[in-house]
Amino acid sequence: MGDATTGTEGGSSTGQFTLDTVLAVFDDRSDPARPLTANDVMEAVDCSRRTAHNKLNELVEQGRLATRKVGARGRVWWVPMETPHTGDPTAQHEQAPPVRREIASVDLPGSGDRLAERRDALRAAYDYLNENPDASETEVITEVFPDHPAGYDTADKWWDVIKPALKELPDVDVATDPEHVWHYIGG
């Protein structure tokens with residue numbers, strides 16, 4: 001994976017990795033069907049076992065990874081496959097499609113840690129829309145920017161970068177009404 005500090009929060013080298021840094025380990029596998037262990041993640045990002053477990057479990061809670069116990073003390077993690085359209089709107093809303101690859105391909109300014117922060121901010125905005133399908137621009141900015149400023153001093157500068165990137169992601173649409181309500185159309 002190269003530099004172990006890539007994706008650290010605030011640019012420090014304390015070993016605090018972003019969730020996307022951990023997910024990148026899954027993308028870099030030669031066999032995408034092979035589940036990974038905490039040791040695999042530890043070695044790839046040069047972190048402690050506790051850090052690997054914490055990040056992996058957080059990704060499971062978000063529905064971005066799945067896990068199961070194997071053997072007496074072992075556990076593996078994998079990226080769950082997308083489920084086909086079931087016709088149940090509730091199930092569709094609860095299971096947002098994975099957009100990790102789309103976020104990774106969106107053209108955002110910056111590189112290294114800064115780019116990782118901006119991708120995290122974009123993911124947070126996407127996740128907010130998934131949970132709040134009819135959010136206004138003001139609501140997205142108010143709820144997401146304070147926790148994910150991505151190096152921007154003002155919410156306006158942040159939104160100038162996040163808004164066009166958000167439009168490129170699947171299942172996101174902006175209404176043409178005067179209140180500029182965003183819609184997560186996957187739900």
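Residues numbered from 1 in each chain as written. Predicted model: local features only at pLDDT ≥ 70, side-chain atom pairs only at ≥ 80, totals over all residues. Heavy atoms only, no water.

A.B. asks: If you had to explain the nonpolar core to someone new, which residues and values would you point to?
C.D. replies: Among the nonpolar cores identified, the biggest contains 27 residues, and Leu-122, Val-140, Trp-158, Leu-166 and Leu-169 are the most heavily contacted of them. Elements represented by at least two residues in this core include exactly helix H6 (112-131), helix H7 (137-144) and helix H8 (155-167). With 8 residues, the top contributor of residues to this core is H6. The contacts of Leu-122, once residues within four sequence positions are left out, are Ile-103, Val-106, Leu-108, Ile-162, Ala-165, Leu-166 and Leu-169. (Core = buried A, V, L, I, M, F, W, Y, C linked by side-chain atoms within 4.5 Å. Buried < 20%, exposed > 50% of the residue type's maximum accessible area, 1.4 Å probe, protein only. Helix = DSSP H or I, 4+ residues; strand = E, 2+ residues; numbered from the N terminus. Contact = heavy atoms within 4.5 Å.)

A.B. asks: Can you tell me about the pattern of salt bridges, naming the residues and giving the values?
C.D. replies: The full count for this structure, using the stated rule, is 5 salt bridges. Here Glu-117 makes a salt bridge to Arg-114, at a shortest N to O gap of 2.8 Å. Here Glu-117 pairs with Arg-114, and both are found in helix H6, just 3 residues apart, close to one helical turn. A salt bridge links Arg-123 to Asp-127, with the shortest nitrogen-to-oxygen separation between them at 2.9 Å. With Arg-123 and Asp-127 both in helix H6, this residue pair falls 4 residues apart, about one helical turn. Pair check on accessibility: Arg-123 and Asp-127 agree, each one buried. (Salt bridge = Lys/Arg side-chain N within 4 Å of Asp/Glu carboxyl O.)

A.B. asks: I'd like a rundown of the packing of helix H1 (residues 19-27) against helix H2 (residues 38-45), residues and numbers included.
C.D. replies: Contact pair H1 / H2: the axes reach a minimum separation of 10 Å and the direction vectors enclose 110°. Of the possible angle classes, the one that applies to H1 and H2 is roughly perpendicular. Within the contact between the two elements, H1 uses Thr-21, Val-22, Val-25 and Phe-26 and H2 uses Val-41, Ala-44 and Val-45. Of the residues contributing to the contact of H1 with H2, the split by class is 6 nonpolar, 1 polar and no charged. (Axes fitted to C-alpha atoms, helices over the stretch in contact; angles between N-to-C directions. Parallel < 35°, antiparallel > 145°, perpendicular 65-115°, else oblique. Nonpolar A, V, L, I, M, F, W, Y, C, P; charged D, E, K, R; others polar.)

A.B. asks: Now, about H1: what can you tell me, with residues and values included?
C.D. replies: Of all the 9 residues making up H1, 7 are buried; the element is thus mostly covered by neighbouring parts of the structure. Regarding H1, the residues found buried are Leu-19, Asp-20, Thr-21, Val-22, Leu-23, Val-25 and Phe-26. Residues of H1 that are buried make contact with H2, helix H3 (49-61), strand E2 (74-78), helix H5 (100-105) and H6.

A.B. asks: Can you lay out unusual backbone geometry for me, pointing to particular residues and giving the numbers?
C.D. replies: Phi at Asp-46 is positive, roughly 55°, even though this residue is not glycine. In this model, Ala-150 sits at a positive phi of 55°, which is unusual for a non-glycine residue. Locating Ala-150 in the fold gives a position in the loop between H7 and H8. Taking relative accessible area as the criterion, Ala-150 reaches 5% and is therefore assigned buried.

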